[in-house]
Amino acid sequence: MNRRTFISKSAGAGLLAATGLSWLTEGTAAGAEEDSRTPYDLVAVMGGEPGAMYARGIEGLGGMEAFVKPGQTVVVKPNIGWDRTPEMGANTNPELVASIVADCLRAGASEVFVFDHSCDNWVKSYASSGIEAAAKEAGATVVSAASQTSYRQVTFPGKVMTSALVHEKVIDCDVFIDVPVIKHHDGAQVSLAMKNLMGIVWDRGFLHRNDLQQCIADIVTYRKPDLTVIDGYRVMQKNGPKGVTRADAALKKTLILSRDIVAADAAAAKIFGVEPADIPHIRIAAEMGLGKIELDKLNIQRINLKA
Amino acid sequence: MQKYLKLLRVFFSIILLAGMSFLFLDFTSSTGTAWYRRLTYLSFVPSLDLFIQSLIHGLALTAWGWLAVLILTLLFGRIYCSFLCPLGVLQDIISFLSRKSTLRKRPFRYKYSKPLNWVRYPILIITLVSLAVTGTLLVNLLDPYSHFGRIMADLFRPVYIYGNNLLAALLEKAGSYLLYPVDIIAGNPLTLIVPVIVLILLLSLATTQGRMYCNSVCPVGTTLGLISGIALFRPTIDKTACTKCGQCVQKCKAQCINIKAQKIDNTRCVGCFNCVRICDTGALRYRLTLPGKSDAQNIESDPEDMETVSKVAASGLGPMAESILKEEPEAPRTQDTDRSKRRFIAESVTALVALSGLEAWADEDGDEENKASREDAAMKKLKAERRVPVCPPGSLSLRHFTYTCTACHLCVSACPTGVLRPTFLEYGLIGIGQPRMDYNTSFCNQNCTRCGEVCPTGAILPLTAEQKTTVQIGRVNFIAANCTVTKQETACGSCAEHCPTKAVRMVPYKGFLTIPSTDTSLCLGCGACQFACPVPEKNAIFVLSNREHLTAVPPEEEVIEYEEQTEFPF
């Protein structure tokens, strides 16, 4: 997308934002027609390797073709927050990221961008996480998010946070895929898909000093991911989000996929071991109408690869 | 054959300058640290500094570059100044460009000038004396390698990054992400004073008087000059063949050829071989000149002079070495460093520089009689304590660091996170320009050991990644009253989130809210908490400097058995 189409697109988004429907602008365009074919609101997989779990899971949502049309640009946004190796579970599993990237390209994506606004030094985080190498190998364009020049100001209908500098690739891409990892988190209690969106924002400090839990939900109003894939392969159960030793992570071998970021977070919270309603930002997001928190009202496909 | 000496010099020096410049300009932190070692190995002052530190701290003696330079000088004269010194080569480039400049109306010619002995010898002696009293202070301000480093790292590096960003933006438009943009850290502009003054001085001297800086100010130049006067090989004039045409004089940037007397002042000759190249008669040649047979040329070099200076050097380094040795015994794991603090302050006061009143952080015990409320006094003390800079892991103590670092800023360039930033007078005048850990700008990466690996002086001694996990350079200080959680009653946890050891962790506060709680025994002083803290005043959580670095408790591997997931919890 070039600058001009961006301007027209964001102007349109602005209008919709005024009517409080901004999250509908993206994602639905690609997904709406497929919804009827795929009955599941959410797919949960367990008992396999990250790549295998993803391959089975995405089928339940109609395959990547339901999300990516030929020629479209995609952002795959993993958590690459820390200079930590994969076995610590501080970052998204590199194999999962690579599988998604490859699948997007197979579905005809023209370019797949991968980045995160890392907390630790980004060069080291990209390398230690194994994500840079794996994503590049799979054909992604791995870009920096460490310079303010890569960000542009956008507005959105949040309650506390209503504007932010957001990474240009998220603003410009056709399809936005959120790929977080389930982790304990000292600030947000648990770090899932909505929390992962902090990595598309330049000034993280703003969220921390202006009611973190509300702001996490507010970012979702800018652009709801078209697809959320939550990595629950290694789950950091304590000392998160960075982790101190390998003992902080439990091997749970799970994966959650959904179009609904709130529903995905609710399911992932259960896998972590907490009630979704006890996590303020999940509750707030549900109250704001950004997605469904009641898992019993969803049509869930459960796949156990071990069984 | 002799005509190629200049070509050899130009070739060699340009490669060296390019390599060294790259080290100081590079921001990618991708160059292997072995290259830093190789390229700085023969830098005289850093090498000597590292050698002394290795002796003091009982490390393997690997820094022999300084000795190699002395031997090279004894054999071939001051070729160090033309082949190996980056500041010398930088001056050559300045004068080369200024000669080619169209701004000049007439072609530039050098003239012979008398040696400024009354400038160069006092500077050398004061430098050596000050080395004993104040550590590296004057070396900081005079070492040519360090000047070069500061000019590159502080002045040219931002320009280099700016250029990279322009190119990265262009490439991105063309769909390539080969380069990435980097934000330029806007530091304290006062830190630019020293490199700017030196660059202006060099620009004015190099364009009008060639290597005047090297032959009047530079203590390394003066030291090597004492030896080069008796070097085995030196440019000499065959009086019978010389026609006194004066072409060599015009090319001599050291301005040391006295054509009337047909003499070359070898103490000032920087071994550039321009004269040899230009001399058509074959009178001026680089010849083997045995000490006994020295023709009356060596007017400036008096062997006795050299001995006196080396005696001063030896006696001067003695006490410094001893005092650091005494301080060396393993610091016990205690926060009470008052004794060494007091000793350090006392010594700083005796040092001439302390009289200037610029040791901002030396007065922290100052107002004990203050009758104001206890809280006020505690607050004041804390504020004073906060002003003490944190020095990088591997630098042992403020004393070791400030006495050893020559402020070349190689670590500043090599640091991948940008946490190492140049100071102005935060360490006091004694440590002008020496880098500190600036936790408002960035924080120290737990797994990174680059600064110690690249430091050429031994100010930051190398640490293994394993060793670094327990080096405590400072300790966390939390003031709950200033925390977002207390003030706004909203969740935050940014500090605990960034803490690599959980020296800062969140504990239950009100409802679902949690609040930071600190355990300084686990703290490394990496500054991640201070950097991440969203409170703009940075007064809620911050790191206080450990004057002597301590040992942190290694994080415990608390293994919890997790049940295997067999069914979905929803």
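Residues numbered from 1 in each chain as written. Chains lettered and ligands numbered in written order. Predicted model: local features only at pLDDT ≥ 70, side-chain atom pairs only at ≥ 80, totals over all residues.

Counting its regular elements, chain A contains 12 helices and 12 strands. Within the span of chain A, comprising 307 residues, buried residues form 63% of the whole. Counted over contacts in chain A with a minimum sequence separation of 6, partners at least 24 positions apart contribute 75%. (Helix = DSSP H or I, 4+ residues; strand = E, 2+ residues; numbered from the N terminus. Buried ≥ 20, exposed ≤ 12 C-beta atoms within 10 Å, placed from the backbone. Contact = placed C-beta atoms within 7 Å.)

This paragraph deals with the overall build of chain B. Assigned secondary structure in chain B consists of 24 helices and 10 strands. Burial status across chain B gives 46% buried among its 570 residues. Long-range pairs, those at least 24 residues apart, make up 76% of the contacts in chain B between residues at least 6 apart in sequence.

Turning next to the interface of chain A and chain B. On the chain B side, the residues contacting the 42 residues of chain A number 38 residues. For the side of chain A that touches chain B, the secondary-structure elements that each account for two or more residues are strand S1 (42-46), helix H5 (122-128), helix H9 (204-209), helix H10 (212-220), strand S11 (249-258) and helix H11 (261-272) of chain A.

For chain A, per-residue confidence averages 90 on the pLDDT scale, and 88% of positions sit at 70 or higher. Here residues 3-36 of chain A is modelled with pLDDT under 50, and outside its nearest four sequence neighbours on either side it reaches 40 contacts, counting other chains as well. (pLDDT = per-residue confidence, 0-100.)

Right, let's talk about unusual backbone geometry for a bit. With glycine set apart, most residues show a phi of negative sign, and most peptide bonds adopt trans. With an omega of 10°, the peptide bond between Gly 240 of chain A and Pro 241 of chain A qualifies as cis. Note that Pro 241 of chain A resides in the loop between strand S10 (227-236) and S11. Phi is positive for Gln 262 of chain B, which is not a glycine, with a value near 55°. You will see that Lys 502 of chain B, though not glycine, has its phi angle at about 65°, which is positive. Residue position: Lys 502 of chain B is located in the loop between helix H23 (494-498) and strand S8 (504-508).

This paragraph deals with the pairing of S1 of chain A. Remark: a regular strand shows side chains that alternate across the two faces of the sheet. Residue and element names in this part refer to chain A. The element S1 is largely enclosed, with a buried count of five among its five residues. Pairing analysis gives five bridges linking S1 to S11, with the strands arranged antiparallel. Its bridge partner being in S11, Val 45 is matched across the sheet by Leu 255. Inspection of the sheet shows S1 paired to strand S12 (residues 300-304) by five bridges, in the parallel sense. Each residue of the ladder has a partner; that of Val 43, found in S12, is Gln 301. (Pairing = 2+ DSSP bridges.)

Quick look at the nonpolar core now. Val 76, Val 97, Val 101 and Val 114 of chain A are the most contacted members of the largest nonpolar core, which has 233 residues in total. The element best represented in this core is H11 of chain A, accounting for 10 residues. When residues of this core are assigned to domains, at least three map to each of domain 1 (4-303) and domain 2 (469-554) of chain B. Setting aside its immediate chain neighbours within four residues, Val 114 of chain A contacts Val 76, Pro 78, Val 97, Val 101, Ile 131, Ala 135, Ala 140 and Val 142 of chain A. (Core = buried A, V, L, I, M, F, W, Y, C linked by C-beta atoms within 7 Å. Domains from an automatic or database assignment.)

In this section: helix H4 (residues 94-106) of chain A. Since the α-helix packs 3.6 residues into each turn, any two residues three or four apart lie on the same face. All names here are of chain A. If you check H4, its first and last C-alpha atoms are 18 Å apart, about what 13 residues at 1.5 Å a residue would give, namely 18 Å. Residues of H4 that are buried sit in contact with helix H3 (50-59), strand S2 (73-78), strand S3 (111-114), helix H6 (131-138), strand S7 (175-179) and S10. Looking one or two residues beyond H4, the residue adopting positive phi is Gly 108, at roughly 110°. (Expected span 1.5 Å × (residues − 1).)

In this section: helix H4 (residues 65-76) of chain B. All names here are of chain B. Taking 1.5 Å as the rise per residue, H4 with 12 residues should run 16 Å; its terminal C-alpha atoms sit 16 Å apart, in good agreement. Looking at the buried positions of H4, the neighbouring elements they touch are helix H3 (44-56), helix H5 (79-84) and helix H12 (219-228). A positive phi of about 85° marks Gly 77, the residue just after H4.

This part covers the environment of Phe 156 of chain B. All names here are of chain B. Checked against the element boundaries, Phe 156 lands in helix H9 (residues 144-173). Under the C-beta neighbour-count criterion, Phe 156 is labelled partly exposed, with 15 such atoms within 10 Å. Spatially, the C-alpha atoms of Phe 156 and Arg 99 are 22 Å apart, while their sequence positions differ by 57 residues. Discounting residues that sit within four places of it in the chain, Phe 156 has contacts with Leu 25 and Ile 151.

Quick look at the domain arrangement of chain B now. Domain assignment breaks chain B into domain 1 (4-303) and domain 2 (469-554). A separation of 47 Å is found between the C-alpha centroids of domain 1 of chain B and domain 2 of chain B.

For the rest of this paragraph, the subject is the packing of H3 of chain B against H4 of chain B. Residue and element names in this part refer to chain B. Two elements in contact, H3 and H4, have axes separated by 7 Å at closest approach and are oriented at 130°. Considering the angle they form, H3 stands oblique to H4. Residues Phe 44, Ser 47, Leu 48 and Phe 51 of H3 touch H4, and the partners they reach there are Gly 65, Trp 66 and Val 69. The residue makeup of the contact of H3 with H4, split by class, is five nonpolar, two polar and no charged. (Axes fitted to C-alpha atoms, helices over the stretch in contact; angles between N-to-C directions. Parallel < 35°, antiparallel > 145°, perpendicular 65-115°, else oblique. Nonpolar A, V, L, I, M, F, W, Y, C, P; charged D, E, K, R; others polar.)

Residue and element names in this part refer to chain B. Residues with a pLDDT of 70 or more make up 85% of chain B, whose mean pLDDT is 85. A low-confidence stretch, residues 294-368 stays under pLDDT 50, and its non-local contacts, those more than four residues away or across chains, total 98 contacts. Interface scoring of the predicted complex returns ipTM 0.86; its pTM is 0.84.

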